[in-house]
2 protein chains.
Amino acid sequence: MARPPLSPRSPSSPRSPRMGDLERVVMEHLWESMAQDEAEGGATVRDVHAKFAGEREIAYTTVMTVLDRLSRKDLVTRVRDGRAWRYRPSDTREALTAATMRNTLDEIDVTNRRLALLHFLDGASSAELADLKAALAEIEARGS
Amino acid sequence: MARPPLSPRSPSSPRSPRMGDLERVVMEHLWESMAQDEAEGGATVRDVHAKFAGEREIAYTTVMTVLDRLSRKDLVTRVRDGRAWRYRPSDTREALTAATMRNTLDEIDVTNRRLALLHFLDGASSAELADLKAALAEIEARGS
DNA sequence: GTAGTGTTACTACGTCCCGTAGTTTCAAGC
DNA sequence: GCTTGAAACTACGGGACGTAGTAACACTAC
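Summary of the structure given here.

Calculation notes
- Residues numbered from 1 in each chain as written.
- Chains lettered and ligands numbered in written order.
- Predicted model: local features only at pLDDT ≥ 70, side-chain atom pairs only at ≥ 80, totals over all residues.
- Helix = DSSP H or I, 4+ residues; strand = E, 2+ residues; numbered from the N terminus.
- Buried ≥ 20, exposed ≤ 12 C-beta atoms within 10 Å, placed from the backbone.
- Contact = placed C-beta atoms within 7 Å.
- Least-squares fit on C-alpha atoms with pLDDT ≥ 70 in both.
- Near = placed C-beta within 6 Å.
- Nonpolar A, V, L, I, M, F, W, Y, C, P; charged D, E, K, R; others polar.

### Remarks on the overall build of chain A
Within chain A, the secondary structure is distributed over six helices and two strands. Along its sequence from the N terminus, chain A presents helices and strands in the succession α-α-α-β-β-α-α-α. Of all 144 residues assigned to chain A, the portion counted as buried reaches 35%. For chain A, long-range pairs separated by at least 24 residues make up 54% of all intrachain contacts whose partners lie at least 6 apart in sequence.

Here it is as structure tokens:
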């Protein structure tokens, strides 16, 4: 599977608001939907609700409410499709993860940033370090 | 100022629970206190309350409550000092930041981790990249 | 030993977020 | 027009947090 190109220089970096548990699960389902049906313009409430079948009992309207709240937070975007809406995540999972990490890092004073990064790397597995180095190399290869 | 050595391999990595705004400010004050009075075994409620003077009107008991909640979350540790308690952050700011970043990263699937890191680096300033590379070099120099 | 004073411990309350879902409205098809 | 699928609106209980008052308790100074 080809890696989607990173958008050309900071695509107005995604927000990363707090998310409740159910909200997170719904996002999960949405991301999954996106990966599966590339064609569709997003998942309907019905689609998302269906994904809960057998996994968790949840009312249709609950899914609606959650999706509504997620869209208020700009975590999902919706477009009309007939009389229904189609919901899609505003950002990829990876972009959101990265944004959250960035927000966390930006909270501390710049002078201590390196120490924080040191701690971060200290807890990293070697596989993670490898991933990081690869990513770093790729960024540098792209030049400025 | 000498950098404190990173604890010898994952010191039972710090939790990173959600924190309210006031809770964060109090943590901030505590960290600041630690940096200033190295000698003291922590800050008392009175100390922390004093730090709010001129910055924000807040009741003494409010500070107590907040510190109590923070200690329930294990974000701060307290020890008796006469009839008062002395509070100190359970972890350094940098360690907590790192732990939070790690938790965020660990939420996503390993297979997409590299992409997330790529996004993360994509939003980094060159100063940040430099810090990261320095930290990376240091980790590697330490060997396993 | 009695009255103050510093500290903690206990209790409380309003607000906001979130999980959860019922009820109402609206549009379209039959 | 009546049914039906979908959204819109409304609601409510629980938990976290900001906020702080009051009670209890121990030491200090008379």
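### Focus: the relation of the copies chain A and chain B
Expressed as a screw transformation, the operator carrying chain A onto chain B has a rotation angle of 180 degrees and an axial translation of 0.0 Å, and the superposed copies differ by an RMSD of 0.0 Å. Here the transformation between the copies is reduced to the relation of a two-fold axis. Using C-alpha coordinates, one finds that chain A approaches the rotation axis most closely at Met-101 of chain A, a distance of 2.5 Å. Of the interface residues in chain A, 100% have counterparts in chain B that sit at the interface too, so the contact is made through matching surfaces.

### Side note on unusual backbone geometry
Even without a glycine there, the phi angle at Asp-74 of chain A is positive, about 65 degrees. For Asp-74 of chain A, the position within the fold is in the loop between helix 3 (60–72) and strand 1 (76–81).

### A short note on the protein's contact with DNA strand D
Close to DNA strand D lie 23 residues; Ala-84 of chain A together with Gly-20, Leu-22, Ala-59 and Thr-65 of chain B are nearest. When contributions to the surface near DNA strand D are tallied by element, the ones reaching two or more residues are helix 2 (45–51), helix 3 and strand 2 (84–89) of chain A together with helix 1 (21–36) and helix 3 (60–72) of chain B. Top element by residues in the surface near DNA strand D is helix 3 of chain B. It accounts for five residues. Here the surface near DNA strand D is built from residues that sort into nine nonpolar, seven polar and seven charged.

### Description of the interface of chain A and chain B
Taken together, the contact between chain A and chain B spans 36 residues of the former and 36 residues of the latter. If you list the elements that add at least two residues to the side of chain A that touches chain B, you get helix 4 (93–106), helix 5 (113–122) and helix 6 (126–142) of chain A. Taken together, the residues that form the side of chain A that touches chain B break down as 17 nonpolar, eight polar and eleven charged.

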